[in-house]
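Residue strings, one per chain:
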Amino acid sequence: MTATAKQPSRGTTDIPTFRHFVDGEWVESNGGGTFESVNPADTRDVIGRFQQGTAADVAMAVRAAETASPKWRATPAPKRGEILYRFGQLMAEHKERLSRAMTREMGKVLAEARGDVQEGIDIAFLMAGEGRRLFGDTVPSELPDKWAMSVREPLGVAGIITPWNFPIAIPCWKMMPALVTGNTVVFKPASDTPHCATLLVELMAEAGFPAGTVNLVTGRGDEVGNAIVESPDVHLISFTGSSLTGKQIAERAGKRLTRLSLELGGKNAVIVLADADLDLATDGILWSAFGTTGQRCTACSRVIAEEAIVAPLLERLEARAKKLRLGSGLDEAVDVGPLINAAAVDKVGGYVDVGRREGELITGGAATKDGDLANGHFFAPTIFSGVKPMARIAHEEIFGPVLSVIPVAGYAEAVTAANQTRYGLSAAIFTRDVNTAFRAMRELEVGIVYVNAGTTGAEVHLPFGGWKETGNGHREAGHAALDTFTEWKSIYVDFSGHLQRAQIDNQ
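Numbering of residues begins from 1 in every chain and follows the order in which that chain's sequence is written. Per-residue local features are limited, in this predicted model, to residues with pLDDT of at least 70; the limit for side-chain atom pairs, both in listing and counting, is 80 or more; totals at the level of whole chains, interfaces and linings are taken over all residues. Side-chain numbers here rest on the full set of heavy atoms in the structure, without hydrogens or water.

Peer 1: So what's going on with the overall build of the protein? Which residues, and what values?
Peer 2: Across its full length, the protein carries 15 helices and 25 strands. What the globule rule says is 2.2 Å times the number of residues to the power 0.38, and the radius of gyration is computed from C-alpha atoms. In summary, the protein has a C-alpha radius of gyration of 24 Å against a globular reference of 23 Å for 507 residues, a match within 12%. C-alpha atoms of the protein, sized along the principal axes, occupy 80 × 75 × 40 Å. By definition in these notes, contact holds between two residues if any of their heavy atoms fall within 4.5 Å. Long-range pairs, those at least 24 residues apart, make up 73% of the contacts in the protein between residues at least 6 apart in sequence. Summed over its atoms, the accessible surface of the protein is roughly 20,300 Å², and 52% of this surface lies on carbon and sulfur atoms. Separation of charge centres in the protein, based on 51 positive and 61 negative side chains, amounts to 2 Å. Here a strand is any run of E in DSSP of at least two residues, a helix any run of H or I of at least four, and the numbering for each starts at the N terminus. Computed with a 1.4 Å probe, the accessible areas rest on the Shrake-Rupley method; for each residue, only the protein chains presented here act as cover. Positive charge is attributed to Lys and Arg, negative charge to Asp and Glu, and no charge count is given to His or to the chain ends. Charged side chains are reduced to one point each, which is NZ for Lys, CZ for Arg, CG for Asp and CD for Glu.

Peer 1: So, helix H3 (residues 77-93): which residues are in play, and what are the values?
Peer 2: The length a helix should cover is 1.5 Å for every residue beyond the first. Across its 17 residues, H3 extends 25 Å between first and last C-alpha, which sits within 8% of the 24 Å expected from 1.5 Å per residue. By the burial criterion, the buried members of H3 are Ala77, Arg80, Gly81, Ile83, Leu84, Phe87, Gly88, Leu90 and Met91. Close packing links the buried residues of H3 with helix H2 (55-74), helix H4 (95-106), helix H5 (110-130), helix H6 (169-180) and helix H7 (194-207). Partly exposed residues are those whose accessible area sits between 20% and 50% of the maximum for their type, while under 20% is buried and over 50% is exposed, using a 1.4 Å probe and protein chains only.

Peer 1: Could you give an account of a nonpolar patch on the surface, with specific residues and numbers?
Peer 2: There is a patch of nonpolar side chains on the surface, built from Val434, Phe438, Met441 and Val451 and spanning about 360 Å² of accessible area. Broken down by element, the nonpolar patch gets its largest block of residues, 3 residues, from helix H14 (residues 434-443). With respect to the helices and strands, Val434 occurs in helix H14. On the basis of relative accessibility, which here comes to 52%, the residue Val434 falls in the exposed class. Without a salt bridge and with relative accessible area above 30%, a residue can belong to a patch; like charges are then joined within 9 Å and nonpolar side chains (Val, Leu, Ile, Met, Phe, Trp, Tyr) within 5 Å. Salt bridges are identified by distance alone: a Lys or Arg side-chain nitrogen within 4 Å of an Asp or Glu carboxyl oxygen.

Peer 1: Can you explain the sheet that holds strand E8 (residues 146-154)? Please cite residues and give values.
Peer 2: Pairing between strands is defined by DSSP: at least two bridges between them are needed. Reading across from one edge, E7-E8-E25 is the order of the 3 strands in this open sheet, with antiparallel pairing throughout. Since the sheet does not close on itself, it has two edges, and those belong to strand E7 (138-140) and strand E25 (486-494), each with one partner. Neighbour to neighbour, the strand axes of the sheet diverge by 25° on average, direction disregarded. Here the axes come from fitting lines to C-alpha atoms, over the contacting stretch only for helices, and the angles between their N-to-C directions go from 0 to 180 degrees.

In structure tokens form, the structure reads like this:
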């Protein structure tokens, strides 16, 4: 039987109940409580019941990870990489099943869900290859008959806390580098997407990760998340979420000097200059602003446009936005899925009220319950024009399908406006002038710059992360991700047969 067949238990209804995964076994919570995950496109569709984890559950998972740690870190890195390869292959084989499960639980349209799963596959294969690299440095010693080199060592138990908007890609971004470098994992997914996490861990178990290497505990952040952050036996924490929560975690983790990687909010800008291809810019803006219903840390929520082309650009954006079809992401004809939950609808609606005072509403501006949308969390793609650079809707992260168009006099004013935010994740510029493009690459205060493309679409072989309040300097994906999950060790081997003293005997 498969892990999926063994793992759920069913009661008198058809709604399956899922369990934690600890030390290679599917187990119920010590507390006995459960919660439901529902389809945001139709909340009558209950996906399953999941364990409401407790601090005791986390302690059990941490113990399992600690017990598994010595054997896993002693496993040769190429062998660890082979398991990652197998996991990537399994995800590829199950890509359509995972994608449809994601769309049902999280709401993003099916094409985007497939892209989310593909990111997980890509990072699994990339990090599997690191099992045969894990480069350190071998350098010449300043003394004769002496060898000098550096190597990476795992930290121990990694606490992985992930959001709901990329429920396959982001856990893989974190767990793949953690595991290939020899760490064990305690994984807490968002409470809105526990089923995606469960499916992911089922495949990890099938791929052959040893018992205790990967542990899954579902539940609330104030219970499960806090227990992971407070555990003295968790050696590093990797968290993606809001900047407010990230700051709270940083304060608590800092008291124990726990290694901490934070990937937080964004308020990403697309600059459109007068010489831009407006049709291309429109494509990039719409994809960045309304893809994933605006629920991306890289979403474009600000368009900073030269005054000369504001009117024709707005005309294009309005016409295209009005044609976007809302509905269940499982319908291939749908362009925009639901927001994740009712609280998100209320938050976006609140910011629209603010926007009505700060700009001119061009289109959208309300939740919609028409026809097939009646039982879902849908919000119309919304555009405001005439927004000032320092307006609230131009500065605060909304995390929904709301776009502000900000007119500026020229390039210098555009870059100033783009940089006038406490976030610094991604930014884009549309221009035909190569010199201007290169100036923007240098002057935009962000971790990711796009030229003639939208603000989203990272590739896994380059670092992902941002400046300022977007994070704390660590990066996900790319080779830079290895730095989060390893310590450096410098090694000197002296085979001269007598004592040599660096900086003294080399005079």
